[in-house]
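# Analysis of the macromolecular model
Listed below, chain by chain, are the residues.
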Amino acid sequence: MYCYRKIQDDLYWVGANDRRLALFEGVYAVPKGVSYNAYLLMDEKTVLFDTVDAAVSERLFENLEAILDGRKLDYVLVQHMEPDHSATLQQVIEHYPEVQVVCNAAIKKMIEQFFTCSIDDRWVETKDGGTFCSGRHTFAFVKAPMVHWPEVQVTFDTTTGTLFSADAFGVFGAINGAIFADEVDFDHDYMDEARRYYCNIVGKYGVQVQNLLKKAATLDIKMVCPLHGFVWRENIGHFIDKYLHWSSYTPEEKGVVIAYGSIYGGTENAAEILSVMLREKGIKTEMFDVSMTPASEIVAAAFRYSHLVFASATYNNGIFVKMEDLLNDLVAHALQNRTVALMENGTWAPTAAGHMAKKLAECKNINLLDNVVTIRSSVKPEQREAIAAMADAIAATM
């Protein structure tokens, strides 16, 4: 049975939620599910903005049939070809044989890669800065390459001030009957998932996001309709400000992420002592066991806070496996502009800190503190003094 939401007089959300998906993109845990957003405009010409993942295709077609109520679908406008937004495109074409496909040349090429159907006889080409009219509404197209695929475009409705933002401004989590961000306590219930979504899905492409934000700043945006998460109609600047921080790799707040990889507890104990010492100085800390916490959560925290501490056992004369995975993730997501301290443990040959420093050298503008803490098996009084010195050094850079 259909389940849609009206957004404006002639615009409807026709997407669906998936609460059974375990891993988004096969990588990121989504315990609160995810929404796949598509939008239907009922103008003089009907326009579908993107489609949905194959897992929820049935709901899309039920929603379309209920709202169209016998009208034909004139256009499907494609902004992003990742299958969670385009998997049902060929079905839409087969279901509505007169539909025309509105997209740029890069998207058309990907359509031919993903599907067996040809759109040559139904293609309406869009170009950067070009426009398209559906009747009352006129749309302007803005290329957004690498936010976060190379073919992406976003679409601005000049009539209503609505930005259809593709994957930008997305959020992990099912939207649970709400459609507008102001219908929920977004900062409390969804901001962490918005940050985790950005940092892990889009985070590598900060320069490209900044370029898109500069273009968006020239538009009179009154509403934002992303492909995941909530529609924004109030306090849009608050969310854009988060994107400005994340995309420029500027910490949102002062604090210390302490990520540790411990085998028998000695490294964890050293990390815990450091956290206590920092808290006694009034410095906020967040601790993560890299063996138990998904890397996506630690990456998001690293984007949030100003300082990072990596505490690793030495493993096979190198970095503890899960810690090495985390550092590789942080490098892959282009984290930069952070102050970092290192702790290492080794019963006979502690070498993890040197390897971690070499890995972190791949990141830009990392202030690596000289106060490396080295322990052998377990923390002794002299290591407590070294940990205290590290805490002082971190406090001095706050």
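Just so it is clear, the model here is predicted, and its values are computed rather than measured.

### Some thoughts on the sheet that holds strand S16 (residues 223–225)
Pairing in this open sheet of five strands is mixed, and the strands run S12-S13-S14-S15-S16 from one edge to the other. The outermost strands of the open sheet, each flanked by one partner alone, are strand S12 (131–133) and S16. On average, adjacent strands in this sheet sit at an angle of 25 degrees to one another, irrespective of strand direction. Here strand S15 (residues 162–164) runs beside S16; their pairing, made up of three bridges, is parallel. Residue pairing for S16: Thr 162 is matched across the bridge by Met 223.

### Regarding helix H12 (residues 352–360)
Residues that lie three or four places apart on an α-helix share one face, since the helix turns once every 3.6 residues. All of the buried residues in H12 are Ala 352, Ala 353, Met 356, Lys 359 and Leu 360. Down the axis of H12, the buried set is contained in an arc of 125 degrees. They therefore lie on one face. As for H12, its buried residues are in contact with strand S19 (305–315), strand S20 (318–319), helix H11 (321–332), strand S21 (338–345) and strand S22 (366–368).

### Some thoughts on the packing of helix H7 (residues 206–216) against helix H8 (residues 236–247)
Where H7 meets H8, the closest approach of the two axes is 9 Å, and the angle between their N-to-C directions is 145 degrees. H8 is crossed by H7, and the crossing has left-handed handedness. For the pair formed by H7 and H8, the contact residues are Gly 206, Val 207, Val 209, Gln 210 and Leu 213 on the first element and Ile 240, Tyr 243, Leu 244 and Ser 247 on the second. Among the residues making up the contact of H7 with H8, the classes are represented as six nonpolar, three polar and no charged.

### Let's talk about the packing of helix H9 (residues 266–280) against helix H13 (residues 381–396)
Remark: H9 packs on H13, axes separated minimally by 9 Å, with the N-to-C direction vectors making an angle of 45 degrees. The orientation of H9 with respect to H13, classified from their angle, is oblique. Like other packed secondary-structure pairs, H9 and H13 cross with a definite hand, here right-handed. Along its contact with H9, which presents Ala 270, Ile 273, Leu 274, Met 277 and Leu 278, the element H13 presents Arg 384, Ile 387, Ala 388, Met 390, Ala 391 and Ile 394. Broken down by class, the residue content of the contact of H9 with H13 amounts to 10 nonpolar, no polar and one charged.

Reading the values: the criteria
- Residues numbered from 1 in each chain as written.
- Predicted model: local features only at pLDDT ≥ 70, side-chain atom pairs only at ≥ 80, totals over all residues.
- Heavy atoms only, no water.
- Pairing = 2+ DSSP bridges.
- Helix = DSSP H or I, 4+ residues; strand = E, 2+ residues; numbered from the N terminus.
- Axes fitted to C-alpha atoms, helices over the stretch in contact; angles between N-to-C directions.
- Buried < 20%, exposed > 50% of the residue type's maximum accessible area, 1.4 Å probe, protein only.
- Arc of directions from axis to C-beta.
- Contact = heavy atoms within 4.5 Å.
- Left-handed = near helix turned anticlockwise from the far one by under 90°.
- Nonpolar A, V, L, I, M, F, W, Y, C, P; charged D, E, K, R; others polar.
- Parallel < 35°, antiparallel > 145°, perpendicular 65-115°, else oblique.

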